[in-house]
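# Fold and geometry: a report
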Amino acid sequence: MAYQEECTVTEHVLGAWPAPAAAYLDLNDLGGFDWDLDRGRVHLDPPGLRVLGLAPADHDGDPRNLLSRLAPTEADRLRREVAQALGNGHASWSVHFRLTRHDGTLSWIHARGRIIRDATGSPCRVIGIVNDATDDLDRAAGCLREDEERPRQSDLVMEVTASLAEAVTVRDVTAALIDSRRVSRLGIVSLFLGLVEGGRVHVVAEGKSDSFVPELQYTRIDDNFPMSEVVRTQEPRFITSKEEFARRYPKIWPFLEPLDASAAAYLPLIAQGRPIGALGLLYRNKHSFAVQERDLLIALSGSIAQSLQRAMLFDQEHDIAQGLQTAMLPRSIPEVPGTRIAVRYRSARLARDIGGDWYDVVALPGGRVAAVIGDVQGHDTHAAAVMGQLRIALRAYAAEGHPPATVMARASAFLTELDTDRFATCLYAQIDPATGATAIVRAGHISPMLRHADGTCSQPAVAGGLPLGLAGRLDDAGFPVTTTEIGPGEMLLMFSDGLVERPGADLDDGLKLLADALRDGPDDIQLLADQLCEAVGDQGSDDDMALLLLRRDFDGSPTPARRLRHHIGPGDPKALATARTMIHQALDTWELPERADDTVLAADELITNALVHTDGGAVLNVRLLPGATARLRVEVHDLGGNWPRRREAGDGEVSGRGLLLVSQLADAWGVEPHGGGKVVWCEFRTAQPR
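We now turn to the structure provided with this report. (Residues numbered from 1 in each chain as written. Predicted model: local features only at pLDDT ≥ 70, side-chain atom pairs only at ≥ 80, totals over all residues. Heavy atoms only, no water.)

### Considering helix α7 (residues 170-177)
- All of the buried residues in α7 are V170, V173, T174, A176 and L177. Viewed along the axis of α7, the buried residues span an arc of 160 degrees, placing them on a single side of the element. (Buried < 20%, exposed > 50% of the residue type's maximum accessible area, 1.4 Å probe, protein only. Helix = DSSP H or I, 4+ residues; strand = E, 2+ residues; numbered from the N terminus. Arc of directions from axis to C-beta.)

### Some words on the sheet that holds strand β8 (residues 218-220)
- The strand order across the open sheet built from six strands is β8-β7-β6-β11-β10-β9, with neighbouring strands paired in antiparallel fashion. Both edges of this open sheet fall to β8 and β9 (237-239), since each of them pairs with a single strand only. Sheet twist, expressed as the average angle between the axes of neighbouring strands with direction ignored, equals 25 degrees.
- Examined bridge by bridge, strand β7 (residues 200-206) and β8 share three bridges and lie antiparallel to one another. (Pairing = 2+ DSSP bridges. Axes fitted to C-alpha atoms, helices over the stretch in contact; angles between N-to-C directions.)

### Description of the pattern of salt bridges
- The tally for this structure, following the rule as stated, stands at 33 salt bridges.
- A salt bridge links E229 to R237; the nearest nitrogen and oxygen atoms lie 2.6 Å apart.
- Judged by relative accessible area, which is 21%, R237 ranks as partly exposed.
- Among the charged side chains, a network of salt bridges with common partners joins D432, R623, R631, R633, E635 and E683. (Salt bridge = Lys/Arg side-chain N within 4 Å of Asp/Glu carboxyl O.)

### Focus on the sheet that holds strand β18 (residues 457-458)
- On the basis of which strands lie adjacent, the open sheet formed by five strands has the order β12-β22-β21-β17-β18 and antiparallel pairing. One side of each edge strand has no neighbouring strand; the edge strands of this open sheet are β12 (339-346) and β18.
- Bridge count for strand β21 (residues 491-495) against strand β22 (residues 545-552) is five bridges, and the pairing is antiparallel. Directly across from L493, in β22, lies its bridge partner L549.
- Contacts between helix α15 (residues 507-520) and the sheet are confined to β17 (449-451), β18, β21 and β22, with β17 contributing the most and set at about 25 degrees to the helix. (Contact = heavy atoms within 4.5 Å.)

### Thoughts on the pairing of β12
- Burial analysis of β12 places six of its eight residues in the buried class, which makes it a mostly covered element.
- Relative to β22, β12 runs antiparallel, the two sharing eight bridges. Its bridge partner being in β22, I341 is matched across the sheet by L550.

### Some words on the packing of helix α18 (residues 596-613) against helix α19 (residues 658-665)
- Contact geometry of α18 with α19 gives a least axis separation of 9 Å together with a crossing angle of 155 degrees. For the element pair α18 / α19, the angle class is roughly antiparallel. By crossing handedness, the relation of α18 to α19 is classed as left-handed. Contacts between α18 and α19 involve D598, L601, A602, E605, L606 and N609 on the former and, on the latter, G658, L659, L661, V662 and L665.
- Here the residues of the contact of α18 with α19 sort into seven nonpolar, two polar and two charged. (Parallel < 35°, antiparallel > 145°, perpendicular 65-115°, else oblique. Left-handed = near helix turned anticlockwise from the far one by under 90°. Nonpolar A, V, L, I, M, F, W, Y, C, P; charged D, E, K, R; others polar.)

What follows is the structure in structure tokens.
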């Protein structure tokens, strides 16, 4: 019925086609006025009265009464603008003014008219229209805000895109996205980044710490969640009210309602035609997304997807490379009495390929230990393969008991025989924890550092040879040996150049930084190794780094280690007697008479075996090793290749009982490789000398 009445009224107003001018004004809420300036009277038609909120009885034609309905400041401004238009000879007049209606609401009224002048040019009438411009001004203000906001949003998107271009890892990408300043400048109250993993969306980053919801960290792609939906459909989803959010996603709304978000944008992250994740943006005090804003967010999601895919591939390659590199390093470090050892390895933060840095620790005969640090040229799988082979070869040469120079010479020859175009730098140190005697060979590598017991640090001058693989001949002379001593409580630091070298910086600066960190670090060797990596290793190096830290323990014993060394020539009839005499004298001097007879008899059997069963001579070593339980160690080194075996001799045999006798006299005995021959040894537990 109401619709029919409206149509009847409309037809009455329109009349015949085309519609009269009054119909144009009335149907578009435009009122007319005729202001007679000479008489001081204003006529308002019915639409004009409606625009101004007046009943016909409320208007008496006096313009002063109309002005009295306005605020004083508005009335004064309106008078000035009218007077200026009339006095300056303008042909038309236009003004906006605020009007408070009877219900207390504030409206903006727009009045404009044609100024009629008489023959003398004086204004006599103004004929025009009035309309309610509140909505028009609001829309205009909104458009202006959008015009101002659009460049700002574009600048922010360009800023984010520039940060994404520099991002290398997934962590870098998330850091660029959840930057709190950028998020707040975009009007975002919270941000979520999810990655597709095994049929689920895994939320890996939240732009606001209190928005983390453990229940929503993993969601199935077929669940009714917005991030799952955009991944499933590969279409963005824009939500413009709380009611819409609660209606569409009732499962997630209770968790997000406390954030007071009024709008949201969920964007699929698509790379190479497949979704790899989703981005969720929650807004406060927002109720719409303009077309330009939607296009901007969709373009941003494409840039994020490309950066994210690149970062994911980088992380995968880096993890694989680091895993392979770690697998090629020793899985465990032997415990060597009298020492504490810490090792660390870190791959380059920006390197995708496998590096050639390595470390190793080899337990040697006689309680000694070999420490190795090295670096194969290059950062690729070839370098890693060479590193693995070289490490194993060098370890084997060291375990055989070769002198340090021979170990390095053989390792260099081995690398040359691999027929590779790579060389390797290496630092090899052989340490006797009982005495602190240390022999160091440096093949093109950086010299080690020492932290002394008083806390000072030094870098001993170690003679250097060519890197491994550059000296083809098996010649010990190419690898000079530097001898030094590590005192009780002192630490030896060996490291690869990635720990101290920085692009564009002087090597001496890196060495000074390392020396300061070593000097000021804690006494605990494991904590010290960690701090060296943190203080020095995180300064932006583009290279891998490895370090080995060895401390010689101080056992508190006031008795220093004693040593007897005697060379026994082949076929020397007096050799056994001389050796017996020297051992007796040494043990008397060391105040160990209670084990003298057993020691002399066991040494006699070992020397006899060496002289009888080998063509060359032998070297006798007798050492007192201090510790909680002192040990007297007898070693006989010969060049024979046949290893002795303990056996039960028959009643008619006159030999074969030597090792049986040694095993009965000594607390322990054994055979170890040593250079081109072997060492047969035995040990006797004894009291500490006074």
